[in-house]
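# Structural overview for review
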Amino acid sequence: MAREALVIGASGMLAEVARWLAKEGWQVTVVGRDRQKLEQVRNGALNPGSVHLLALDYGQTETLRAAMAELVASRGPMELVVAWIHQTAPDALATVLAELSRPKQPFRLYHVCGSRAWKNPPAVHVPTTCAYQRVILGFVCEGEDARWLTNAEIANGVIRAIGEKAAQTIVGQVEPWERRPTY
Ligand SMILES: NC(=O)c1ccc[n+]([C@@H]2O[C@H](COP(=O)([O-])OP(=O)(O)OC[C@H]3O[C@@H](n4cnc5c(N)ncnc54)[C@H](OP(=O)(O)O)[C@@H]3O)[C@@H](O)[C@H]2O)c1
């Protein structure tokens, strides 16, 4: 049976993660609102036939719930989920987890979080079938200056996290905290 992965927020900084998963043999469903941006993710993949588009607004809870149920019904249980969800949609992750846990099959969640998760880790109700792994996006100090991560650094960091399977991965650095960029 094909191994199924879901990448939420896949047409921005996680585009290369989705393409990498497809290259590694996963069937990857990519979520974002703009279908054209999702098509670009698929078109840039080495094996575009392994990338499946799911255009929706994860802020619309009932739409998201129905789409997750339909996804599991059509493609089977998701084995790996990478989620980058803006705080404007506080119910989205719980909705995804509730639907993906219905088949009672084990799956792995890589929850990609902004740097603030270092100080205030998000409270996530994790189903028993889900292995939860947090990826915190930090920053980079360069001499006297500090900057946020590039998309390539973020994608590579998430790919590293998927390989290492640690409970928490820091991409870049989160200390010294007072040196994080202010822009
Ligand atoms: N610590 C750090 O250094 C750090 C942390 C975070 C971000 N960043 C940087 O900041 C840039 C911008 O960040 P960003 O958050 O805009 O991330 P992004 O990954 O570039 O874009 C957000 C992704 O989520 C999707 N999305 C957004 N709202 C959605 C919704 N309501 N429903 C479904 N999908 C949705 C977007 O597609 P649609 O727009 O088509 O929906 C897109 O795929 C990033 O590219 C990154 O370089 C840096």
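As a reminder, the structure under discussion sits directly above these lines.
In what follows, the accompanying structure is described. (Residues numbered from 1 in each chain as written. Predicted model: local features only at pLDDT ≥ 70, side-chain atom pairs only at ≥ 80, totals over all residues. Heavy atoms only, no water.)

## Considering the overall build of the chain
- Helix and strand counts for the chain come out as five helices and nine strands.
- Each helix and strand of the chain, placed in order from N terminus to C terminus, yields the pattern β-α-β-α-β-α-β-α-β-β-β-β-α-β.
- Here the chain has a C-alpha radius of gyration of 16 Å; the compact-globule value for 183 residues is 16 Å, and the two agree.
- Projecting the C-alpha coordinates of the chain onto the three principal axes gives extents of approximately 50 × 35 × 30 Å.
- Sorting the 183 residues of the chain into buried and exposed places 47% on the buried side.
- Across the chain, contacts joining residues at least 24 apart in sequence account for 60% of those joining residues at least 6 apart.
- When the accessible area of the chain is evaluated, it comes to approximately 9300 Å², of which 49% is carbon and sulfur surface.
- Of the side-chain charges in the chain, 20 are positive and 18 negative, and the distance between the mean point of each set is 3 Å. (Helix = DSSP H or I, 4+ residues; strand = E, 2+ residues; numbered from the N terminus. Rg over C-alpha atoms; globule rule 2.2 N^0.38 Å. Buried < 20%, exposed > 50% of the residue type's maximum accessible area, 1.4 Å probe, protein only. Contact = heavy atoms within 4.5 Å. Areas by Shrake-Rupley, 256 points an atom, 1.4 Å probe, with all protein chains shown as cover. Lys, Arg positive; Asp, Glu negative; His and termini not counted. Charge placed at Lys NZ, Arg CZ, Asp CG, Glu CD.)

## Considerations on the pairing of strand β8 (residues 145–148)
- Two strands pair when backbone bridges link them, and strand β7 (residues 139–142) and β8 are joined in this way by four bridges, in the antiparallel orientation. The residue bridging Glu142 from the neighbouring strand is Asp145, located in β8.
- Remark: two residues form the turn of the hairpin made by β7 and β8, two consecutive strands paired antiparallel; Gly143 in that turn has positive phi of roughly 60°. (Pairing = 2+ DSSP bridges.)

## A few points about the pairing of strand β6 (residues 130–137)
- Most of β6 is tucked away, with seven of its eight residues classed as buried.
- Looking at chain direction, strand β5 (residues 107–113) and β6 are connected through seven bridges and run parallel. Note that in β6 the partner of His111 across the bridge is Arg134.
- Across four bridges, β6 lies against strand β9 (residues 168–171) in parallel orientation. Opposite Ile136, over in β9, you have Ile170 as the bridge partner.

## Some remarks on the sheet that holds β9
- Strand order in the open sheet formed by seven strands is β3-β2-β1-β4-β5-β6-β9, with parallel pairing between adjacent strands. The sheet is open, and its two edges are formed by β3 (51–55) and β9, each paired on a single side. Ignoring which end each strand starts from, the neighbouring axes of this sheet average 15° apart.
- The strands touched by helix α2 (residues 35–43) are β2 (27–32) and β3; relative to β3, the strand with the most contacts, the crossing angle is about 170°. (Axes fitted to C-alpha atoms, helices over the stretch in contact; angles between N-to-C directions.)

## Let's talk about the nonpolar core
- Counting 33 residues, the largest nonpolar core has Val17, Leu21, Val28, Val30, Val82 and Val158 as its most contacted members.
- The next biggest cluster of nonpolar side chains, apart from the first, holds 25 residues, and it includes Ala92, Val96, Leu97 and Leu109. (Core = buried A, V, L, I, M, F, W, Y, C linked by side-chain atoms within 4.5 Å.)

The quantities given are spatial measurements derived from coordinates; they are silent on function.
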